[in-house]
Amino acid sequence: MPRKAAIAFAAVLLAAAAVWAVVGLVAQFQDNAEQEQIFDRLRGTVQAKSITDLSGETGSGTETAAGASGQEKTGHDISLLKEENSDCIGWVSIEGTNLDYPVMQTLDEPEYYLKRSFEKSPNEHGVPFLDARCSVDRADNLIVYGHHMNDGTMFSCQHKYAKYSYYEEHPLITWETANGIDQYRVAAVMRASGTVYEKDWSIFNCIYMNELEFEEMSENLLEKSLYNTGIAPVYGDKLLTLATCEYSQENGRLVVVAVKQ
């Protein structure tokens, strides 16, 4: 190919690549805008709770609810969310972060929401989803997956847990289901492989555990955690694990494991 023709061809390729990149950025922006509009609406779906003061008089409230202890109990109305989409099984959030999303579960197609919105339309941001092997009521370890997006949404903030100071500032994860609201305290932060082999230990194989398996899991958390939180799960504890992509290894995951309080 003559030199001028080669240069012209290379210029065309570069221009095409630039256009493709712009198209990708626009699509990502549109996906994010669509998702955030949906999530903002869903975040307003809160439970209507009664408020009882110390005198025994009862009123009604929609934004907050407190018992005699004064602790806020208001959460998202999971029953209303399920009416809109029956795949919604809960809500996960970390105070002071962008992580504040519904959680889905589809038993027949486990990764259905990997690239779909809450309204089931195609969307690269997806919606966090619970591992299809997990029973919300019975699993020892609830594993929730969410994307690590470059725009800082979804589970991107998890990577900040690589620093102990961030853990100190955000030690609690809130988990809401139709059964109520629970707080989980972060026990370990790990980099793990998303490729799981039956013969090798993996947090992704730790869902239902007997006592020996639970002890093995706890020992591995202590060994593999990026730092010591001082919290060691013991048999009988319930765990919540949040997993997202990380890129220090092939098919890597950044995993935050928390213990129900």
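Above: the structure in question.
Remember, predicted model here, so these are calculated numbers, not experimental data.

Q: Looking at this model, I keep getting lost on the overall build of the chain. Mind explaining?
A: Summing up its helical and strand segments, the chain has four helices and 10 strands in all. Reading the chain from its N end, one meets helices and strands in the order α-β-β-α-β-β-β-β-α-β-β-α-β-β. Residue burial in the chain is summarised as follows: out of 261 residues, 42% are buried. Looking at the chain alone, contacts between residues at least 24 apart form 60% of all its contacts between residues at least 6 apart. A total of about 14,400 Å² of accessible surface is found on the chain, and carbon and sulfur atoms cover 52% of it.

Q: Would you mind going over the environment of tryptophan 91 with me for this structure?
A: Inspection of the secondary structure puts tryptophan 91 in strand β3 (residues 88-93). Looking at tryptophan 91, the relative accessible area reads 0%, which means it is buried. Each C-alpha atom of the pair tryptophan 91 and glutamate 176 lies 5.0 Å from the other, and the pair is 85 residues apart in sequence. Of note is the side chain of tryptophan 91, whose polar atom sits 2.7 Å from the side chain of aspartate 100.

Q: Help me understand the pattern of salt bridges in this model?
A: Oppositely charged side chains can form a pair if their charged atoms are brought close together. Applying the stated criterion across every chain yields a total of 11 salt bridges. With its nearest N and O atoms 3.8 Å apart, the salt bridge here joins aspartate 182 to lysine 260. Remark: lysine 260 occurs in strand β10 (residues 252-260) and aspartate 182 occurs in strand β8 (residues 180-193); sequence separation between them is 78 residues. On the basis of relative accessibility, which here comes to 24%, the residue aspartate 182 falls in the partly exposed class. Linking arginine 191 and glutamate 246 is a salt bridge whose minimum nitrogen-to-oxygen distance equals 3.7 Å. Taken together, the residues span a long stretch of sequence, with arginine 191 in strand β8 and glutamate 246 in strand β9 (residues 239-246) at a distance of 55 residues. Within this structure, Glu36, Asp40, Arg43 and Asp100 form a network of salt bridges that share partners.

Q: For this particular structure, what's the right way to read the packing of aromatic side chains?
A: By convention here, two paired aromatic rings are described through the distance between centres and the angle between planes. Applying the stated criterion across every chain yields a total of nine aromatic pairs. Centroid distance tyrosine 145 to phenylalanine 204: 6.1 Å. Interplanar angle 25°. Geometry classified as stacked. With tyrosine 145 in strand β6 (residues 141-145) and phenylalanine 204 in the loop between β8 and α4 (211-224), this pair connects stretches of sequence that are 59 residues apart. Considering the side-chain rings of phenylalanine 214 and tyrosine 235, the 6.0 Å spacing of their centres and the 80° angle between planes classify their relative orientation as edge-to-face. On the criterion of sequence distance, the pair formed by phenylalanine 214 in helix α4 and tyrosine 235 in the loop between α4 and β9 is long-range, its members being 21 residues apart. Residue classification places phenylalanine 214 among the buried positions, given a relative accessible area of 2%. Three or more aromatic residues link up through ring pairs in this structure, and these residues are Phe129, Tyr145 and Phe204.

Q: Sorry, what's going on with unusual backbone geometry here?
A: Peptide bonds are mostly trans, and most non-glycine residues show a negative phi. Phi is positive for lysine 120, close to 75°, though the residue is something other than glycine. Mapped onto the elements of the fold, lysine 120 is located in the loop between β4 (100-104) and β5 (129-130). Overall, the relative accessible area of 39% leaves lysine 120 in the partly exposed class. Phi at asparagine 251 is positive, roughly 55°, even though this residue is not glycine. Take asparagine 251: it is sitting in the loop between β9 and β10.

Q: What should I look at first to understand a negative patch on the surface in this one?
A: Where like charges cluster on the molecular surface, the negative patch consists of Glu211, Glu213, Glu215, Glu216, Glu219 and Glu223. Inspection of the secondary structure assignment puts glutamate 219 in helix α4. For glutamate 219, a relative accessible area of 55% puts it in the exposed group.

Q: Quick question: what am I supposed to make of the side chain of asparagine 123 here?
A: Relative to the assigned elements, asparagine 123 resides in the loop between β4 and β5. A polar contact is formed between the side chain of asparagine 123 and the backbone nitrogen of histidine 125, at a distance of 2.9 Å.

Q: I keep staring at α4 and nothing clicks. Help me out?
A: An α-helix turns once per 3.6 residues; consequently, residues spaced three or four apart project the same way. Spanning 14 residues, α4 covers 20 Å between terminal C-alpha atoms, matching the ideal 20 Å at 1.5 Å per step. Turning to α4, its buried residues are Phe214, Met217, Ser218, Asn220 and Leu221. Taken end-on, α4 shows its buried residues confined to a sector of 160°, consistent with a single buried face. Exposed side chains of α4 directed beyond 90 degrees from the buried face belong to Leu212, Glu219, Leu222 and Glu223. Against the buried residues of α4 lie β8, β9 and β10.

Q: In this structure, what is going on with the environment of serine 117? I would like to understand it.
A: Summarising the element assignment, serine 117 is placed in the loop between β4 and β5. Serine 117 sits in the buried class, given a relative accessible area of 0%. For the pair serine 117 and glutamate 34, spaced 83 residues apart in sequence, the C-alpha separation works out to 8.4 Å. Serine 117 has contacts with Glu34, Gln35, Ile38, Asn123 and Val127, leaving out every residue within four places of it along the chain. In terms of polar contacts, serine 117 uses its side chain to reach the side chain of serine 121, at 2.8 Å.

Scoring rules and cut-offs
Residues numbered from 1 in each chain as written. Predicted model: local features only at pLDDT ≥ 70, side-chain atom pairs only at ≥ 80, totals over all residues. Heavy atoms only, no water. Helix = DSSP H or I, 4+ residues; strand = E, 2+ residues; numbered from the N terminus. Buried < 20%, exposed > 50% of the residue type's maximum accessible area, 1.4 Å probe, protein only. Contact = heavy atoms within 4.5 Å. Areas by Shrake-Rupley, 256 points an atom, 1.4 Å probe, with all protein chains shown as cover. Polar contact = N/O pair within 3.5 Å; in protein donor to acceptor, adjacent residues only side chain to side chain. Salt bridge = Lys/Arg side-chain N within 4 Å of Asp/Glu carboxyl O. Phe/Tyr/Trp six-rings, centres within 6.5 Å; stacked < 30°, edge-to-face > 60°. Patch = residues over 30% accessible without salt bridge, like charges linked within 9 Å, V, L, I, M, F, W, Y side chains within 5 Å. Lys, Arg positive; Asp, Glu negative; His and termini not counted. Charge placed at Lys NZ, Arg CZ, Asp CG, Glu CD. Expected span 1.5 Å × (residues − 1). Arc of directions from axis to C-beta.

Read these as layout, nothing more, since geometry by itself doesn't imply function.
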